[in-house]
Amino acid sequence: MANIVFNNTRQPVANSIFSRAGVGAPVAIELLPFTVRPVRTEADLRKAVAVRHAAYARHLPDFARSLEQPEAADYDGDTVILLAESKADGSALGSTRIQTNFRQPLHLESSVDLPLWLATQRLAEVTRLGIVEGRIGRQVKLALIKACFEHCEQTGVDTAVVSGRAPIDRQYEQLLFTDVFASRDPVTLRHVGNLPHRIMYFDIASGQERWEAARHPLLDFFCNTRHPDIDLGRQAPAAWKHGLPRGQQASGAVVVGLAA
C-alpha cells in the first residue's frame, strides 16, 4: 500500500477534505480514473455484488458462493453500499458496505462481545470490501477506505474498528490500527464464513496527528488531498437521524473488514 503512486492531475485548493483534521493545511485536488459513490438503484447493487463476488472468489471460493446474489443486509435501512466505477467504460472496480448500529446490533456483534468502552459507542461496520485485480485495484482500495473515513466524518462517528483476516490484518497495522483485544487472538466471525479475524481499532479524531508523527506515506492522500471523484453526497449525521445508540455515548466507531 505504501508504494502506490497516483499519476493524476493535482491542483492546490484551500480547504481540508476532513471537517476536523488538517484545517489550514495545504490541500490538493486529485482526479482519479474512477468514481466512488453510494449505490442508488438495483442495477448499481448488481454491479457492486458482481465485483464483490469476484473478489472473494479469488481468495475464498467456498464462501464466495454465498455472495453471488445480494444479501438481505444490502437492503437494510441502516446500510450504505459504495461502488467504484471506471470513468472509461462504467465497469465496476470495487465496492464496500457500511452498516450502523443505530437501530440494530452490528453483524460483528453476533460473533464477539465487544469491550464495554467500544460496545457503548456509535458504531458502523464496513464489510464486503472487494476490488478488481491489478494496480487499479490497489488505487480503488485506498479510495474506498478513504470514502469510509469520510463517511465517518459525515455521520459523526469517531473510532474505526476493523476485522481483518491474515494477511490483510497487516495492512491495518500499516494504517496504525491497534488491537481491540490485548491477546490479539483471532475471532471467528459468522458473517464472514466462520473465518478467524483479528479485531483492531483506530481513533479517527487523532488519526492525522498520528499519521503526521509517523510520517505516514498515505497522509497526503487521506488528509491533504481532495478527491472530487469520491462523492458521498450530503448526509446528515446519523446521530441526528436516529438518536444515540444503546450506550448513549458521545463518541463513535466504525468497523471495517477487507476482502481483497
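Remember, predicted model here, so these are calculated numbers, not experimental data. (Residues numbered from 1 in each chain as written. Predicted model: local features only at pLDDT ≥ 70, side-chain atom pairs only at ≥ 80, totals over all residues. Heavy atoms only, no water.)

Draft legend 1. How the structure looks around the nonpolar core. Among the nonpolar cores identified, the biggest contains 38 residues, and Phe 34, Val 36, Phe 177 and Phe 222 are the most heavily contacted of them. By residue number, the principal contributor to this core is helix H4 (residues 135–155), which donates nine residues. (Core = buried A, V, L, I, M, F, W, Y, C linked by side-chain atoms within 4.5 Å. Buried < 20%, exposed > 50% of the residue type's maximum accessible area, 1.4 Å probe, protein only. Helix = DSSP H or I, 4+ residues; strand = E, 2+ residues; numbered from the N terminus.)

Draft legend 2. Spotlight on the side chain of Thr 79. Relative to the helices and strands, Thr 79 resides in strand S4 (residues 79–86). In this structure the side chain of Thr 79 is engaged in a polar contact, spanning 2.8 Å, whose partner is the backbone oxygen of Ala 73. Setting aside anything within four residues of it in sequence, one finds Thr 79 in contact with Ala 73, Asp 74, Arg 97, Ile 98 and Gln 99. (Polar contact = N/O pair within 3.5 Å; in protein donor to acceptor, adjacent residues only side chain to side chain. Contact = heavy atoms within 4.5 Å.)

Draft legend 3. Examining the pairing of strand S10 (residues 195–203) more closely. Bridge count for strand S7 (residues 159–164) against S10 is six bridges, and the pairing is antiparallel. For Thr 159, the partnering residue across the bridge sits in S10 and is Asp 203. As paired elements, strand S8 (residues 178–179) and S10 share two bridges and run antiparallel to each other. Paired with Asp 179 across the strands is Met 200, a residue of S10. Once strand S9 (residues 187–189) ends, the chain turns through five residues before running back antiparallel as S10, passing Gly 193 with a positive phi of about 65 degrees. (Pairing = 2+ DSSP bridges.)

Draft legend 4. Structural view of the pattern of salt bridges. Here the structure, examined in full by the defined rule, presents 19 salt bridges. Among the ionic pairs, Arg 184 bridges to Asp 179, the shortest N-O distance being 3.3 Å. We classify Asp 179 as buried; its relative accessible area is 16%. A salt bridge links Asp 179 to Arg 198, with the nearest nitrogen and oxygen atoms 2.7 Å apart. (Salt bridge = Lys/Arg side-chain N within 4 Å of Asp/Glu carboxyl O.)

Draft legend 5. Unusual backbone geometry, seen in detail. With an omega of 0 degrees, the peptide bond running from Ala 166 to Pro 167 counts as cis. In this structure, Pro 167 sits in the loop between S7 and helix H5 (169–174). Backbone geometry at Leu 176 places phi at a positive 75 degrees, although glycine is not the residue there. Here Leu 176 is to be found in the loop between H5 and S8. Notably, Asn 194 is not glycine yet its phi reads approximately 55 degrees, a positive angle. Tracing the backbone shows Asn 194 in the loop between S9 and S10.

Draft legend 6. Expanded view of helix H1 (residues 42–59). In this model, H1 (18 residues) spans 26 Å end to end at C-alpha, consistent with the 26 Å of a helix rising 1.5 Å per residue. If you check which residues of H1 are buried, you get Asp 44, Leu 45, Ala 48, Val 49, Val 51, Arg 52, Ala 55 and Tyr 56. In this structure, the buried side of H1 is in contact with strand S3 (34–38), helix H2 (61–64), S4, strand S5 (92–100) and strand S6 (122–131). (Expected span 1.5 Å × (residues − 1).)

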